[in-house]
Every structure is written in structure tokens, then in C-alpha cells.
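# Reading the structure
Single-letter residue listing:
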Amino acid sequence: MIYLDHNATTPLSGEVLEAMMPYFKQSFGNASSFYEPARTARAALEKARGTIAAAIGASPEEIVFTGSGTESDNLALRGVCRAFQGKDLHIITSPVEHHAVLKTCEDLQGTGVRITQVPVDNSGCVDPADVAGNITPDTVIITIMCANNETGVIQPIQAISEIARGKGIIFHTDAVQAFGKMPVHVDELGVDLMTISAHKIYGPKGVGALYIRKGTNISPIITGGSQERARRAGTENIPAIAGFAKAVEMAVEHLDEAGRHMTVLRDTFENQIMERIDNVTINGQGAPRIPNTSSMSFASIDGESILLHLDLLGVCASTGSACATGSPEPSHVLTAMGLSHVEAQGTIRFSLGKDTTLQDIDRLCEVMPGIVSRLRRISSI
Ligand SMILES: *Cc1c(COP(=O)(O)O)cnc(C)c1O
């Protein structure tokens, strides 16, 4: 099997599984209790918090563990709106956000919050001047993702955060795809809130975190116990959190090396495909990108048919975001970048991982031209 869908999820690393095991078995205690297995669990929780905080340049008390990247995005947006409730509220965002942000904004719009989506250019980038130009006295939060899950395009986060800071507006970034693939330091980026998730960096599914800069006005959205300094109630998932911390530790340690490796493979892949197949475009190629993602549009064919052929050959890729798969709607990311519905439907996302090999890429480049030409011969598009 050749797995090229790392932006959907990654395999759990062996070291991560090992780091999780003790907290399923001997140290199973509830971190809030007062006896030995619980103390060990609490110690693991606080150690993990320290590891993750250090990795992004934060303090441990600025990290809140959640049940997913999606929940972190919800906490950021709903939590800030709740903290300011009773006022007229306005959010600035972009049309290329992950559904976790996009749909949450739509939902908040239903409760009376005004939403502005600033446009992106053909390469998928937001212009910071558009963010500045849309700020109103009611703007309560700006949320712009760090790196896009479909194209890998990196947004000008520093420039946007400077604008937000100048106006005293809370700035959130969804860094789920950026984290582990480029340096993400909360002070360098200038963010107040930042979402990360474990399963995109070889950690377990079902655990994420939200960085909350000290002093940020935000309310909890899950109430009950006083876990996570009363910012997210619910018994902590210690095995997953310990695994998350191990995954972060390894991602930080191998950041440069993995980045170089994936850049070489991605560039080789893109060059070979462009050489061997006509009428292909690489989305976001002109913009800064994380090193593992390649979004390719093949003219006159349907991406789903390519995926079926690849699946038969043991190659796993996707047409875009995992959440949108199976829906007939073309990708909102690609249409926002100016692609037609047909062009968007002919797009495949290949997302490489740290363990992807040159052999994997060579094999893919061998089979792709045949698949594309066969499909184009029978295509009615
Ligand atoms: C995967 C992803 C999410 C959601 O994270 P989960 O932990 O799967 O809920 C949010 N944003 C981006 C950019 C993602 O790629």
C-alpha cells in the first residue's frame, strides 16, 4: 500500500503507542483523585502540557486539552463569542477555512453574529490589507488558518496578527496542518488562540489542544467539572494526551529533517507528473506551501475516477478534505481560488508523510499517466 493521505490522518507511531500504554493499564486513575494511580495520571497530564507548551513557545497554563482539532476551533470561536455575548459581534474569516471553522461561523451567523469572509487570490492567499479593511468596532475575533489542508498553502499569519494586535482584536489560527510541518511559535506568529490536533502528527485520534494566550477573554463551551482550569470540563483522556505529547516531541525533533525529505519528494513528484501528463495544474504552486501537500487538477476528468483506479493499485489519496468526500459539492477551497466546478472536480490531493519513500513516488508517477489518458479517452467532460 502507498499511503498519500496524511492530511486526512497519519498512522500512529510505535513510540506514541508505547507512551500511551501505561495510562490504559497501571496508571488508569482519574487525574482529579487523591491516590497513587491518580497522582501518576495527573503527573503525566502536566508533563504533557509542559511538552506541548514548550514546543509552541507557550506557558503550560496556556494549553487546554480538547477532544479534537474540531473542538478546539469550536472553543475558540464560540468561547470568544460567548465571552462577549450581549454585544453586536463580527468575525473576520476566509473562504478556505476547514469545515470546523467554516460551519461554526455559519452556525454563529444563525445566532446573529455577522461574518465577513475576505477573499483569497488565485494561489489561495488572503491579503492582510483586506483583513484590515474589513475591521469594524464590532469585530471580536479574526480567524485565518495557518496552512490549508487541501492545498498546503500558508497564509501570511504574522502580517494579519500585527493588524489584529494593533486594533486589540483576538486572533485565532487553525494550525492543525501547519504544526509538525513548519515552525509554529505563538509569539512569532503573534496569535492569541491556536488550534492543534494529535492525529495529523502521528498521534492518536480524538485529542487536540487550544493555545489560549494569557489574558484572552474566552468562556468555556463544555461545562461540568473544573478540569483544564474550568475551561473544558470532562475527565481528561490521559492515554491520548500522553500520546499527543510524545508525537509533539518527535515532530519537533524531526521537523527539519522530515521537512527536507518531503520537499524533495514532493518536488520530484510534481516535476515528473508535469513532464509526463498534459493539462495538469498544481493549485497554490505560486504561494508558500507546507512541504507535504500537492493539489493537482487534471483537465477533463473526474477526480473520483482517478481515486478508484489508484485504490485498485493500493494507492490512497483523496479529492480534498476528508469531511467533504462523498458530497457532490466541489471543494469550497478550490472554487474560492477561482477554479471552475469542473476543474475542482478533477482535483486530487496527494499528502506525503515522513515515511513516504522515493519508490512510492516513482511507482505513483509510473501509473498516473496511464490512468489519466485512459480516463480522458472515455471522458465526456
Ligand atoms: C484535520 C483538521 C481539523 C480537524 O481536526 P480533528 O482533530 O480531526 O477534529 C481542523 N483543521 C484542519 C486544518 C485540519 O486539517
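All of these numbers come straight from a predicted model, not from anything done at the bench. (Residues numbered from 1 in each chain as written. Predicted model: local features only at pLDDT ≥ 70, side-chain atom pairs only at ≥ 80, totals over all residues. Heavy atoms only, no water.)

Interaxial distance between helix α3 (residues 69-83) and helix α4 (residues 99-110) falls to 9 Å at its minimum, and their mutual angle equals 30°. What the angle tells us is that α3 and α4 run roughly parallel. In this structure, the crossing between α3 and α4 has a hand that is right-handed. Between α3 and α4, the contacting residues are T70, D73, N74, L77, R78 and C81 on the first element and A100, V101, T104, C105, D107 and L108 on the second. The residue makeup of the contact of α3 with α4, split by class, is six nonpolar, three polar and three charged. (Axes fitted to C-alpha atoms, helices over the stretch in contact; angles between N-to-C directions. Helix = DSSP H or I, 4+ residues; strand = E, 2+ residues; numbered from the N terminus. Parallel < 35°, antiparallel > 145°, perpendicular 65-115°, else oblique. Left-handed = near helix turned anticlockwise from the far one by under 90°. Contact = heavy atoms within 4.5 Å. Nonpolar A, V, L, I, M, F, W, Y, C, P; charged D, E, K, R; others polar.)

The environment of the ligand is formed by 13 residues, the closest being T70, D174, Q177, S197 and K200. Between the ligand and D174 there is a distance of 2.6 Å, counted from a nitrogen atom to a side-chain nitrogen or oxygen. Within the side chain of H199, a nitrogen or oxygen atom sits 2.7 Å from an oxygen atom of the ligand. Protein chains bury 89% of the 380 Å² of accessible surface belonging to the ligand in isolation. (Near = heavy atom within 4 Å. Polar contact = N/O pair within 3.5 Å; in protein donor to acceptor, adjacent residues only side chain to side chain. Areas by Shrake-Rupley, 256 points an atom, 1.4 Å probe, with all protein chains shown as cover.)

Attention shifts here to the domain arrangement of the protein. Per the domain assignment, the segments of the protein are domain 1 (2-8 + 255-372 + 374-378) and domain 2 (14-253). The gap between the C-alpha centroids of domain 1 and domain 2 is 28 Å. Each partner contributes residues to the interface: domain 1 has 27 residues there, and domain 2 has 32 residues. Together, L255, I290 and H332 form the three largest contributors to the area buried by domain 1 at its contact with domain 2, with a combined 28%. The tally of links from domain 1 across to domain 2 stands at zero salt bridges. (Domains from an automatic or database assignment. Buried area = accessible area lost by both parts, 1.4 Å probe. Salt bridge = Lys/Arg side-chain N within 4 Å of Asp/Glu carboxyl O.)

Tracing the chain through its elements places I141 in strand β5 (residues 139-143). Sequence-wise, I141 and T93 are 48 residues apart; in three dimensions their C-alpha atoms are separated by 8.7 Å. Apart from the residues lying within four places of it in its own chain, the contact partners of I141 are A76, L77, V80, H90, I91, I92, I169, I170, H172 and L193.

The next point concerns the sheet that holds strand β4 (residues 114-117). Pairing is mixed across the open sheet formed by seven strands, whose spatial order is β2-β8-β7-β6-β5-β3-β4. Because the sheet does not close on itself, it has two edges, and the strands there are β2 (63-66) and β4. Pairs of neighbouring strands in the sheet enclose a mean axial angle of 20°, with direction left out of account. Summarising the sheet, β5 and strand β6 (residues 170-174) pair through three bridges and their orientation is parallel. Within β6, the position partnered with I142 by the bridge is F171. Docked against the sheet, helix α2 (residues 36-56) engages β2, β7 (193-197) and β8 (208-212), running at close to 115° with respect to β2. (Pairing = 2+ DSSP bridges.)

Restricting attention to buried positions, one finds in helix α6 (residues 157-167) the residues I157, I160, S161 and A164. Viewed along the axis of α6, the buried residues span an arc of 100°, placing them on a single side of the element. Those residues of α6 that are exposed and aimed more than 90 degrees away from the buried face are E162 and G166. Lining the buried residues of α6 we find α5 (128-133), β5, β6 and α7 (186-189). Backbone geometry just downstream of α6 places G168 in the positive-phi region, at approximately 70°. (Buried < 20%, exposed > 50% of the residue type's maximum accessible area, 1.4 Å probe, protein only. Arc of directions from axis to C-beta.)

Side chains bearing opposite charge may pair, as long as their charged atoms lie close to each other. This structure, assessed with the given rule, holds 14 salt bridges. Residue R213 pairs with D192 through a salt bridge whose shortest N-O separation is 3.5 Å. With R213 in the loop between β8 and α8 (227-230) and D192 in the loop between α7 and β7, the pair connects residues that are 21 residues apart, well separated along the chain. On the accessibility criterion, R213 (18% relative accessible area) is buried. Its salt-bridge partner being E270, residue R289 comes within 2.9 Å of it at the nearest N-O pair. Taken together, the residues R289 in the loop between β9 (280-282) and β10 (293-298) and E270 in helix α10 (residues 255-276) connect sequence positions 19 residues apart.

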